[in-house]
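# Residue-level structure breakdown
So you can see what is in the structure, the chains are spelled out below.
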Amino acid sequence: MSDRDRLLDHASALLERAPDDGSSVVAMVLVELENLPTLDGVLGHAAVDALAGEALQRVTRAVGAAATCPIGRYQIACLLPGLSADAHARLAAHRILRALAPPYACDGRRVMVAARIGVATRTPDTRQASTAQMDELLRRASAALHEARNRFDPLAIDEEHRSDLLLAGVDLWAELDHAIEESEVHLAYQPQLCLRSGRIVSMEALLRWTHPRLGPIAPDRVIRLAEGTDLIFRLTRWVVHTALRECAEARSRGIEIGVSVNLSAYNLRDPDLAALFEQSLAIWGLPPGCVMAELTETAVMQGQAASLATLEALKEMGVRLSMDDFGTGYSSMARLRDLPLDELKVDMSFTRGISHASTHHRIVSSMIGLGHGMGLQVVAEGVEDAVTCDHLREMGCDLAQGYLIGHPVPMCEYPERLLTDRDLDQRPCQ
Ligand code: C2E
Ligand code: MG
Ligand code: MG
């Protein structure tokens, strides 16, 4: 019997004994002992097996009498039945992370075991959980673990409502062309204000999808569903062409403005991405310097050669490159130095604290200094009030973006006055 079969068997038995109050949630917690493969080479297999055994005991103690079972040499799965809410699965996962953290004794040495967790939850429809249902839960917990790894987070949770969206995602995948034709998909543009001149100099294109059955779907959810399928390439093709066309139309009305588009890490591995920008620039007759491609810190820090080649091809064409959500990922200074960037976007989690937290103020000021030291333009995201905007101007930040300046709106709703009036004086747009 394999580890997986043993777990699924045990899980079904456990579910039958779980309280049947009709509202209980079941969670599959998949723990990965990340540095054990490396320790194999340092300490030997026998010592690592002993470490994994102790880790299993710690997990079992942390979550009580739940079904706990090793999966291979480096993973532990546990099924937690009878939880009263999804949030309890998160608490249990944190308890496991805390239990695994203290050092382990190994041949007179103290060794640390690095753990990462993926969790999937569901509300069982019957007490008789089928093996297929448990298998599906394990598959989703593996996907959550993969997501945690990609985001450099210790924990990721795939809650049931998200998997509903994943199911809906299959429909979306099939429906994309129709959605584009029927204008269910559009771009909203958020203005960026130059803090020195008080002018709106650019706008960020943000994806909006209003599904006829599901209503508006947050763009990061759409992107997450699309990543890893050809949907991301089809969506990006549409986003780039639409953003460049609408920017070119605004410019033809005498509005001197640039546009930023968001790209996902997957786009950087697409060998056709640079050609897409080249074609789109030629079709819409837009100067490449007014187009900015935004990438998240995690995407550009993954360091794949293909990604760097794509960034360099875009740069060579004259398209500018921005690092989005700066401060939330893991930046290596060496990589920052080597990337052909033009802009850093300070994440809103830092911006929003500067008027009341001195540490946030110092961090944002250091980020601005770092950006300027590298010859980059610095944008602050999430500017919601005038006091924050004043602080940013004093700190020498170049551009501000956020609800104070303007909410994202479709191009046709863009107040023309905002784009043409050259004496804006940092007034909010809306
Ligand atoms: P992002 O690129 O960092 O975009 C900024 C997000 O912050 C947007 O959320 C925007 O509506 C929101 N925001 C702007 N100002 C404020 C503010 O003052 N306060 C607060 N609380 N929020 C503000 P949105 O539109 O939901 O987009 C979320 C993320 O989805 C984006 O984050 C971006 O990573 C991704 N995304 C959006 N459109 C696309 C796209 O076309 N392609 C790709 N790959 N990703 C996209
Ligand atoms: Mg962005
Ligand atoms: Mg951002």
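For clarity, every value in this text was computed on a predicted model and none was experimentally measured.

## Digging into the nonpolar core
Core analysis: the largest hydrophobic core is formed by 75 residues, its most contacted members being Tyr189, Val259, Phe277 and Met323. It is helix H8 (residues 231–252) that contributes the most residues to this core, 11 residues altogether. Excluding anything up to four places from it in sequence, methionine 323 contacts Leu295, Glu297, Val300, Met301, Ser331, Leu336, Leu339, Leu341, Glu343, Leu344 and Lys345.

## Some details on the environment of alanine 275
With respect to the helices, strands and loops of the structure, alanine 275 is situated in helix H10 (residues 273–284). Sequence spacing of alanine 275 and methionine 317 is 42 residues, and the spatial spacing of their C-alpha atoms is 9.8 Å.

## Here's the deal with the coordination of the magnesium ion (ligand 3)
Ideal values differ by geometry: the angle at a metal is 109.5 degrees with four tetrahedral donors, but 90 or 180 degrees with six octahedral donors. At this site the magnesium ion (ligand 3) is bound by Asp324 (OD), Asp325 (OD), Glu381 (OE) and Glu381 (OE), with donor distances of 2.0 to 2.5 Å. Linear spacing of the donor residues for the magnesium ion (ligand 3) on their chain is D-D-x55-E. Metal-to-metal, the separation of the magnesium ion (ligand 3) and the magnesium ion (ligand 2) is 4.1 Å; aspartate 324 coordinates the two. You can see aspartate 325 sitting in strand E13 (residues 320–326) and its partner glutamate 381 sitting in the loop between strand E15 (377–380) and helix H16 (386–395), a full 56 residues away along the chain. Residue glutamate 381 is classed as buried on the basis of its relative accessible area of 8%.

## Observations regarding the sheet that holds strand E7 (residues 155–158)
Read from one edge of the open sheet, 5 strands run E2-E3-E1-E6-E7, paired in mixed fashion. In the strand order of this sheet, the two ends are held by strand E2 (67–71) and E7, each with one partner. Each adjacent strand pair in this sheet contributes to an overall mean axis angle of 20°, direction not counted. In the sheet, strand E1 (residues 25–33) pairs with strand E3 (residues 75–83) via 7 bridges, with the strands oriented antiparallel. The residue of E3 that forms the bridge with valine 29 is cysteine 78. Sheet strands touched by helix H3 (residues 45–63): E1, E2 and E3. Its angle to E2, the strand with the most contacts, is close to 160°. Relative to the sheet, helix H5 (residues 131–150) contacts E1, E3, strand E6 (115–122) and E7, its axis offset from that of E6 by approximately 140°.

## What about the packing of helix H2 (residues 36–43) against H3?
Between H2 and H3, whose axes approach to 7 Å, the crossing angle comes to 140°. Relative to H3, H2 is oriented oblique. Across the interface between the two elements, Leu36, Leu39, Asp40 and Leu43 from H2 touch His45, Ala47, Val48, Leu51 and Ala52 from H3. Looking at side-chain class alone, the contact of H2 with H3 contains 7 nonpolar, 1 polar and 1 charged residues.

## Observations concerning the site of ligand 1
Among the 24 residues in the neighbourhood of ligand 1, the closest are listed as Arg208, Asn262, Asp324, Glu384 and Tyr403. Contact distances for ligand 1 include 2.8 Å between an oxygen atom and a side-chain N or O atom of arginine 208. The contact in question runs from an oxygen atom of ligand 1 to an N or O atom on the backbone of tyrosine 403, over 2.9 Å. In the complex, the protein chains occlude 84% of the 800 Å² of accessible area that ligand 1 would expose alone. Elements with a contribution of two residues or more to the shell around ligand 1: strand E9 (200–211), helix H7 (219–226) and E13. At 4 residues, the largest contribution of residues to the shell around ligand 1 is made by E9. Here the residues of the shell around ligand 1 sort into 10 nonpolar, 5 polar and 9 charged.

## Points about the coordination of the magnesium ion (ligand 2)
Distances from the magnesium ion (ligand 2) to its protein donors, namely Glu204 (OE), Asn262 (OD1), Glu294 (OE) and Asp324 (OD), fall within the range 2.0 to 2.2 Å. On the primary sequence, the residues serving as donors to the magnesium ion (ligand 2) are separated as E-x57-N-x31-E-x29-D. The exposure class assigned to glutamate 294 is buried, which follows from its relative accessible area of 1%. Taking relative accessible area as the criterion, aspartate 324 reaches 6% and is therefore assigned buried.

## Description of the side chain of aspartate 324
Within the element layout of this structure, aspartate 324 appears in strand E13. One buried charged residue, aspartate 324, forms no salt bridge at all, with the nearest opposite charge on lysine 345 at 4.5 Å. If we skip the residues at most four places from it in the chain, aspartate 324 touches Glu204, Asn262, Glu294, Leu295, Thr296, Glu297, Lys345 and Glu381.

## Regarding H5
Taking 1.5 Å of rise per residue, 20 residues should cover 28 Å, and H5 covers 29 Å from first to last C-alpha, within 8% of that figure. Taken as a whole, H5 has its buried residues at Gln133, Met134, Leu137, Leu138, Arg140, Ala141, Ala144, Leu145, Glu147 and Ala148. Residue phenylalanine 152 follows H5 closely and has a positive phi angle near 60°.

## So, the pairing of E9
Here E9 lies mainly inside the structure; 9 of its 12 residues are buried. Taken together, the 9 bridges between strand E8 (residues 185–194) and E9 define a ladder with antiparallel strand orientation. By the bridge assignment, valine 185 is partnered in E9 with tryptophan 209. Here 3 bridges tie E9 to strand E10 (residues 215–217), and the two strands are oriented antiparallel to one another. Within the sheet, the bridge partner assigned to histidine 211 lies in E10 and is glycine 215. The hairpin turn running from E9 into E10, its antiparallel successor, is 3 residues long.

Thresholds applied
Residues numbered from 1 in each chain as written. Chains lettered and ligands numbered in written order. Predicted model: local features only at pLDDT ≥ 70, side-chain atom pairs only at ≥ 80, totals over all residues. Heavy atoms only, no water. Core = buried A, V, L, I, M, F, W, Y, C linked by side-chain atoms within 4.5 Å. Buried < 20%, exposed > 50% of the residue type's maximum accessible area, 1.4 Å probe, protein only. Helix = DSSP H or I, 4+ residues; strand = E, 2+ residues; numbered from the N terminus. Contact = heavy atoms within 4.5 Å. Donors = N, O, S within 2.8 Å, 3.2 Å for Na, K, Ca; no water. Pairing = 2+ DSSP bridges. Axes fitted to C-alpha atoms, helices over the stretch in contact; angles between N-to-C directions. Parallel < 35°, antiparallel > 145°, perpendicular 65-115°, else oblique. Nonpolar A, V, L, I, M, F, W, Y, C, P; charged D, E, K, R; others polar. Near = heavy atom within 4 Å. Polar contact = N/O pair within 3.5 Å; in protein donor to acceptor, adjacent residues only side chain to side chain. Areas by Shrake-Rupley, 256 points an atom, 1.4 Å probe, with all protein chains shown as cover. Lys, Arg positive; Asp, Glu negative; His and termini not counted. Salt bridge = Lys/Arg side-chain N within 4 Å of Asp/Glu carboxyl O. Expected span 1.5 Å × (residues − 1).

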